[in-house]
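Structure at a glance
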Amino acid sequence: MERRAVTTSDGVRLSYLVGGTGQPIVMVPGWSQTATSFENQFAALCSVSRVIALDMRGHGESEKPDHGYRVQRLAKDLFDVIEALNLDQPDLLGHSMGAAVIWSYLSLFRAERPARKLIFVDEGAALMARPDWNEGKRAQAGCVFPSMDALARAKQQILAADAPETAAEILRPMFSDAIDERTLMWVAGENLKLPRHHAIRLLEDNVIQDWSELIATIEQPVLAIGGGDSHIGTDSQRWIADTVSNGRIEVIPGGRHFMFFEEFERFNAAITSFLGE
C-alpha cells in the first residue's frame, strides 16, 4: 500500500493508502480509527480490487482542522476523494461510524457518484435510544446509548482517556480476551491521533443520527457484517440486511466490534466473495 493525499473542497489535506488494481473499493474506518486498522484486509482485497483506505479529517495522518467534525462533512470529504480519484461506481466499505458516513454520502451524492456494492460493518441505524422505543425497536436500531446523560458520561470518559493506557481500557471490550497488550496499545495510539476535543464532537454527532429511513431506500447489493459477541447487537445487522432491497448478513461467531482485525480470515472471505459476485 502506498500513502497519498488529496485536498478537500474546503482545503483540508486527507491522507489515504492505495494498492491493487481493478474495481475500486473505498474503505472508511470507524470513529477515531485509521486506514491502518484495515491492514489485515489489504493483501486479500488488493488481489481482487483497487483498494483505497481513507484517514478521515482529523484522523490518522490527515490534516486536523478546527472544523468539520460532523458525519455530513465527512460524507462530503468522501465525495471529494471519489471525485479527485475519478472513481466510477466504487464499492464502499464502512466500519462502525464509517458506515454512517457512507449512509450520509448516499443521502447527498448517490446520483452524482453512485456506488456499486456496499459493505456495512457493525454499525446500528440509530445508536441513541428514543424514549418511545420499545426493546425490540432498540435492538433493531442497534442502540448503545440509552440517554443523552449516558452520552455525556461517555464524552467525559473519552476526554480523560488522553494516553494510550487509558484509551486502551475504553477499547478493550471491543476486542476478544485473546487480544495481546502490544496490539491493543497500538490501536489505542492510532485512536488518539484524532484530538479528543474533536473526537467527542464527532461522537455526539454520530450517536444522535437515525439512518433508518435512508437505509430503507438503498438499492445496491448490501453485505451487513456483525460480530456475534459485539456490543452492537446482531439484530441491528439483520434489520439492515432485511430492510434494503438486496441485502445479506454475515455474523462472525465470537467476533467483537473489531472482528475484521481478529477474525480476519473469515471476514476477508465474506467480503471477497460478495465483491466477486
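Parameters at a glance
Residues numbered from 1 in each chain as written. Predicted model: local features only at pLDDT ≥ 70, side-chain atom pairs only at ≥ 80, totals over all residues. Heavy atoms only, no water. Buried < 20%, exposed > 50% of the residue type's maximum accessible area, 1.4 Å probe, protein only. Helix = DSSP H or I, 4+ residues; strand = E, 2+ residues; numbered from the N terminus. Pairing = 2+ DSSP bridges. Phe/Tyr/Trp six-rings, centres within 6.5 Å; stacked < 30°, edge-to-face > 60°. Lys NZ or Arg CZ within 6 Å of the ring centre and 35° of its normal. Axes fitted to C-alpha atoms, helices over the stretch in contact; angles between N-to-C directions. Left-handed = near helix turned anticlockwise from the far one by under 90°. Contact = heavy atoms within 4.5 Å. Nonpolar A, V, L, I, M, F, W, Y, C, P; charged D, E, K, R; others polar.

1. A closer look at the pairing of strand β2 (residues 13–19)
Taken residue by residue, a regular strand's side chains alternate between the two faces of the sheet. Burial of β2 is extensive: 6 of the 7 residues sit out of reach of the surface. Pairing between strand β1 (residues 2–7) and β2: 6 bridges, direction antiparallel. Residue Val6 lies in a different strand from β2, and its bridge partner there is Leu14. The loop that links β1 with its antiparallel partner β2 comprises 5 residues; one of these, Gly11, has a positive phi angle of about 85 degrees. The sheet contact formed by β2 and strand β4 (residues 50–54) spans 4 bridges and is antiparallel. When the bridges of β4 are listed, Gly19 appears paired with Val51.

2. Let's talk about the packing of aromatic side chains
The geometry of an aromatic ring pair is captured by the separation of the ring centres together with the interplanar angle, meaning the angle of the planes. As enumerated under the stated definition, the model contains 9 aromatic pairs in all. Geometrically, the ring pair formed by Phe79 and Phe109 is stacked, given 4.3 Å between the ring centres and 20 degrees between the ring planes. With Phe79 in helix α2 (residues 71–84) and Phe109 in helix α3 (residues 97–109), the pair connects residues that are 30 residues apart, well separated along the chain. Accessibility classification places Phe79 together with Phe109 in one group, the buried group. The interplanar angle of 50 degrees and the centroid separation of 5.7 Å between the aromatic rings of Tyr105 and Phe109 together place this pair among those described as tilted. Remark: Phe109 and Tyr105 occur in helix α3; sequence separation between them is 4 residues, near one turn of the helix. An aromatic cluster is present here, built from Phe38, Phe175, Trp186, Phe258, Phe260, Phe261 and Phe267 joined pairwise through their rings. Across the ring face of Phe274, the terminal group of Lys117 is positioned such that the distance to the ring centre comes to 5.1 Å. Taking the ring centre of Trp133 as reference, the NZ or CZ of Lys137 above it sits at 4.9 Å.

3. Some remarks on the packing of helix α1 (residues 39–46) against helix α12 (residues 264–276)
Axis angle and axis distance: for two packed helices, these are the angle between their axes and the distance between the axes, and together they describe the pair. Where α1 contacts α12, the two axes come as close as 10 Å, and the packing angle between them is 35 degrees. Both α1 and α12 take part in a crossing whose hand is right-handed. Seen from α1, the contacting residues are Asn40, Gln41, Ala44 and Leu45; seen from α12, they are Phe264, Phe267, Asn268, Ile271, Thr272 and Leu275. For the contact of α1 with α12, the residue count by class is 6 nonpolar, 4 polar and no charged.

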